[in-house]
Each structure stands twice: as C-alpha cells, then as structure tokens.
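Working through the structure, step by step
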Amino acid sequence: AQKITQTQPGMFVQEKEAVTLDCTYDTSDQSYGLFWYKQPSSGEMIFLIYQGSYDEQNATEGRYSLNFQKARKSANLVISASQLGDSAMYFCAMREARSGNTPLVFGKGTRLSVIA
Amino acid sequence: NAGVTQTPKFRVLKTGQSMTLLCAQDMNHEYMYWYRQDPGMGLRLIHYSVGEGTTAKGEVPDGYNVSRLKKQNFLLGLESAAPSQTSVYFCASSRSGRATGELFFGEGSRLTVL
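The structure reproduced in this document is the subject of the present report. On a predicted model such as this, the values are computed, not experimentally measured, just so you know. (Residues numbered from 1 in each chain as written. Chains lettered and ligands numbered in written order. Predicted model: local features only at pLDDT ≥ 70, side-chain atom pairs only at ≥ 80, totals over all residues. Heavy atoms only, no water.)

**Points about the overall build of chain B**
Per the secondary structure count, chain B includes 0 helices and 11 strands. N-terminal to C-terminal, the α/β element order of chain B is β-β-β-β-β-β-β-β-β-β-β. By the compact-globule yardstick of 13 Å for 114 residues, chain B fits well, its C-alpha radius of gyration being 13 Å. Reported as C-alpha extents along the three principal axes, the dimensions of chain B are approximately 40 × 30 × 25 Å. Taking all 114 residues of chain B together, the buried fraction comes to 50%. The long-range fraction of contacts in chain B, counting pairs at least 24 apart against all pairs at least 6 apart in sequence, stands at 54%. Taken as a whole, chain B presents about 5,500 Å² of accessible surface, with 50% of it coming from carbon and sulfur. (Helix = DSSP H or I, 4+ residues; strand = E, 2+ residues; numbered from the N terminus. Rg over C-alpha atoms; globule rule 2.2 N^0.38 Å. Buried < 20%, exposed > 50% of the residue type's maximum accessible area, 1.4 Å probe, protein only. Contact = heavy atoms within 4.5 Å. Areas by Shrake-Rupley, 256 points an atom, 1.4 Å probe, with all protein chains shown as cover.)

**Concerning the sheet that holds strand β3 (residues 19-25) of chain B**
Residues and elements named next belong to chain B. The strand order across the open sheet built from 4 strands is β1-β3-β8-β7, with neighbouring strands paired in antiparallel fashion. Of all strands in the sheet, those with a lone pairing partner are β1 (4-7) and β7 (65-67), marking the two edges. The mean inter-strand angle of the sheet, taken between neighbouring strand axes irrespective of direction, is 20°. Pairing analysis gives 3 bridges linking β7 to strand β8 (residues 73-78), with the strands arranged antiparallel. Of the residues in β8, the one forming a bridge with Val66 is Leu76. (Pairing = 2+ DSSP bridges. Axes fitted to C-alpha atoms, helices over the stretch in contact; angles between N-to-C directions.)

**Comments concerning the pattern of salt bridges**
When charged atoms on two side chains of opposite charge get close, those side chains can pair. Applying the stated rule across the entire model yields 5 salt bridges over all chains. Here the residues in one salt-bridge network are Arg36, Asp38 and Arg44 of chain B, joined through shared partners. (Salt bridge = Lys/Arg side-chain N within 4 Å of Asp/Glu carboxyl O.)

So this is what it looks like as structure tokens:
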C-alpha cells in the first residue's frame, strides 16, 4: 500500500497567487514526521518544511506553510505569493518512528508550473 | 560546505558492465541512503545504512550491492548493469534515524545503461 499519495501530477498557478499541493499519508504510528522537498529542473533536492505528528501548530517557513490535518492524514503544502522560481517538482515524504530508524518514504511528486 | 558529494555525476554503461557510485558526506552523519528516481515514480529507496559496517535493504534492492566501510562513505555497486537500472541515483544522509531527521541529499548521478 502506498504510504504517501500525491494526487496532482501537475499544477499551474499564476504568479503572485497562492497554491496548495496535496499530500495524504498512511501510517499506524503515533509518532512520525512529514517533509516537503523541492526539486528544480537542475535536479537537486531542496528541503522546504517539516511537520511533526505531535506538533499542534502548522509549520511555516517563509512563503511555505504546511496545512496539517492529522485526523484526515493530510499534509498539504501551501505556497503563498508564487514566484517563477517556484516552478519545480515537489515531493511529500514521511518518516515513521516505529523502530527508531526508518528511512524517508516519498510520494510520486507534483510538478508545479508558475505562469507569468 | 561540501555536504553530500556523489561521483560520478554522469555515466553511460553497456549492459553487463559493472560500476560503483561513491557517496561521501562530511557532516559526521550516522545514517546514509541510496535512492533512485524514475519518471512518475518519485524516489525509491535502494539500500541504507545506520552506521559504519551496517547495511539494509530498501524497497528496490535487487541488482545492487552496497558497502559502508567508513562512516563518511557509502558505495552503491552494480555488478551487471541492465537497461532497467537507467535512472538518476541520489545519495542522502541524516544525523538521526528518528522521525525528525531531515535528509541531506547529494546532487544526483545520472546513469544510462545501453
């Protein structure tokens, strides 16, 4: 069963508008971490934001915020005031705390295109 | 600020050839990982290591071997390359194996098997 689901293969957004990238996850653990990474066309993986399962407040990092709805098991990334440089692949990922060490599991990604 | 370094960045192989990808990190991280990225598939874990001298299988380990003889290095080997192993390979490391542990990635290695 897929642990991370990103249902939007591609998204378009107008420059300066906000956009939400969807991510749902599946785990039976109580303790886990959720991550978003950005991959621009140059190929590197850039860490954007982290949300812990016990964090009561949604994580924010500059123009990035994570809309965490634990009961729905969703961790959507919100990008405010989109810029042309935001055009990239975005990956949602999860790390469970079951055995003290579990690798990061990634979704298939969403390609975001920002239009001028 | 080297972080995680992968060599080589690009390689073309013929079917049946062997090669080794080297990953080196200078952050004194315990945990290291090899992922492969294919179009529409996201990143899938090949093998990982929780410390020097230890390795474990990930989601797609077949056709690959790894070694972690030194803490800072994690090698990924292809003994007999196949076209299905054409992919972009990413190495990553983390300080912690806990849920909060962010992964730091190398720049990727693009491998083509003809």
